[in-house]
Amino acid sequence: MITKEQVLHALSHVEEPDLKKDLVTLNMIQHIEILPNKIKFDVVLTTPACPLKGHIEHACRNAIGLFVSKEVDVEINMTSRVVGVDAAQLESIKNIILVSSGKGGVGKSTVASNLALALAESGAKTGLLDADIYGPSLPLMFGLEGTRPESVQINGKQKIAPVEKFGLKLLSIGFFTDPNQPIPWRGPMATSAIKQLFGDAHWGELDYLVVDMPPGTGDIHITVAQSYPISGAVIVTTPQQVALADTMKGMAMFRMEGINIPIIGIVENMSYFTPAELPDNRYYIFGKDGGKRLAEDNNVPFLGEIPLVKAVADAGDNGFPILLDADEPVANAYKQIAGRAAQELSILANKVG
């Protein structure tokens with residue numbers, strides 16, 4: 001007769017590759033059920049976007065076969081429970097991820113949008129906040145121009161209800177302004193608007209809130225960093241030296257005393273050009289491996305590279321982000337980056353814990 005203790009002993013030999021502890025110690029094995037000729041249990045990962053999900057499941061099966069029985073049928077339910085930071089002011093949001101860049105024009109909003117969609121597709125409850133006050137692009141990229149969010153009453157207070165599309169909760173200053181008019185706001189007005197988008201919205205329960213930050217380093221960055229419990233920042237750059245120089249300044253800001261936000265990793269966008277008619281050809285228009293070298297030099301993770309592909313721009317302009325097109329190879333690149341970002345967040349949360 002197989003016992004629960006035997007199963008736990010077997011699974012104590014399976015290590016979570018990132019956290020460097022076994023699954024039993026990490027309390028990731030739940031709901032063990034022993035049936036005639038079958039063992040059932042849950043493996044509770046730290047994120048549904050875990051890129052090592054298949055590896056961990058395979059290791060569990062091997063451990064049962066080695067330490068319990070090769071004849072027994074093993075049914076594993078791979079599930080997740082996202083770990084977040086403790087925060088009283090935004091208690092329903094487990095992780096806030098800032099997507100930032102040292103300069104404009106590097107594709108930060110495109111990366112933020114597709115990163116959020118990839119996290120949502122993995123099964124995580126995800127929101128996307130467009131905090132780029134002076135150049136909000138979320139309404140266009142999601143085909144929501146002219147949309148106005150509704151208000152809801154929560155505990156006697158009026159709250160903004162984020163717009164829902166493609167499985168995401170979405171909010172942008174662009175929902176409240178004329179797209180044909182500039183937003184000539186001084187710092188205090190801009191930061192006040194950002195605080196409203198964070199605090200006056202009814203986000204509900206979220207595993208991840210991805211925030212598309214304005215380019216550069218300014219009032220809004222400091223306000224967000226010092227006012228809310230930020231889990232980490234994803235930095236977007238191109239391989240070009242002029243972009244990398246500003247990216248360095250952006251990373252330095254997050255590391256300043258009083259801000260101290262962990263860098264989840266660097267994404268290199270527009271890494272190379274691949275023509276649709278020559279999908280195997282790569283042309284390094286802006287240089288090669290600049291983002292990767294920057295990550296290595298600063299001891300931060302390199303999350304991946306995104307090629308310069310016309311379909312990405314077309315998808316954003318048409319209100320249907322590229323990640324939603326399963327036939328596009330670049331969609332898979334975004335999914336891999338999302339998995340690595342979630343992976344790094346789990347490692348950071350474990351260090352804090």
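Residues numbered from 1 in each chain as written. Predicted model: local features only at pLDDT ≥ 70, side-chain atom pairs only at ≥ 80, totals over all residues. Heavy atoms only, no water.

- Going by what an unreviewed UniProt entry lists, the chain is known as Iron-sulfur cluster carrier protein and is assigned to Sphingobacterium chuzhouense.
- Taken directly from UniProt, the Function (unreviewed entry) text for the chain runs: "Binds and transfers iron-sulfur (Fe-S) clusters to target apoproteins. Can hydrolyze ATP."
- Taken verbatim from the UniProt record of the chain, the Subunit (unreviewed entry) comment is "Homodimer." (UniProt positions renumbered as here; feature names shortened; annotations may be inferred.)

### A word on unusual backbone geometry
- Positive phi values are uncommon outside glycine, yet Asn155 reaches one of about 50°.
- Tracing the backbone through its elements, the reader meets Asn155 in the loop between strand 8 (151-154) and strand 9 (157-160).
- Backbone geometry at Asn299 places phi at a positive 55°, although glycine is not the residue there. (Helix = DSSP H or I, 4+ residues; strand = E, 2+ residues; numbered from the N terminus.)

### Describing the sheet that holds strand 10 (residues 163-165)
- Taken together, 8 strands build an open sheet; the order of strands is 10-11-7-12-6-13-14-15 and the sheet is mixed. Each edge of the open sheet carries a strand with a single partner, namely strand 10 and strand 15 (302-308). Ignoring strand direction, the axes of neighbouring strands in this sheet form an average angle of 25°.
- When strand 10 meets strand 11 (residues 168-172), the two strands line up antiparallel, connected through 3 bridges. When the sheet's bridge partners are listed, Lys165 is paired in strand 11 with Leu168. (Pairing = 2+ DSSP bridges. Axes fitted to C-alpha atoms, helices over the stretch in contact; angles between N-to-C directions.)

### Comments concerning the environment of Ser100
- Mapped onto the elements of the fold, Ser100 is located in strand 6 (residues 96-100).
- The exposure class of Ser100 is buried, given its relative accessible area of 2%.
- Residues Ser100 and Ile235 lie 135 residues apart in sequence; the distance between their C-alpha atoms is 5.1 Å.
- Among all residues touching Ser100, those that are not within four sequence positions of it are Lys108, Met213, His221, Val234, Ile235, Val236 and Phe254. (Buried < 20%, exposed > 50% of the residue type's maximum accessible area, 1.4 Å probe, protein only. Contact = heavy atoms within 4.5 Å.)

### Concerning the pairing of strand 7 (residues 126-130)
- The buried fraction of strand 7 is high, at 5 of 5 residues.
- Residues Thr126, Leu128 and Asp130 of strand 7 are buried on one face, and the alternating residues Gly127 and Leu129, pointing to the opposite face, are buried as well.
- Direction of pairing for strand 7 relative to strand 12 (residues 208-212): parallel, over a ladder of 5 bridges. Note that in strand 12 the partner of Leu128 across the bridge is Val210.
- Relative to strand 11, strand 7 is paired through 4 bridges, and the arrangement is parallel. The partner of Gly127 across the bridge, within strand 11, is Lys169.

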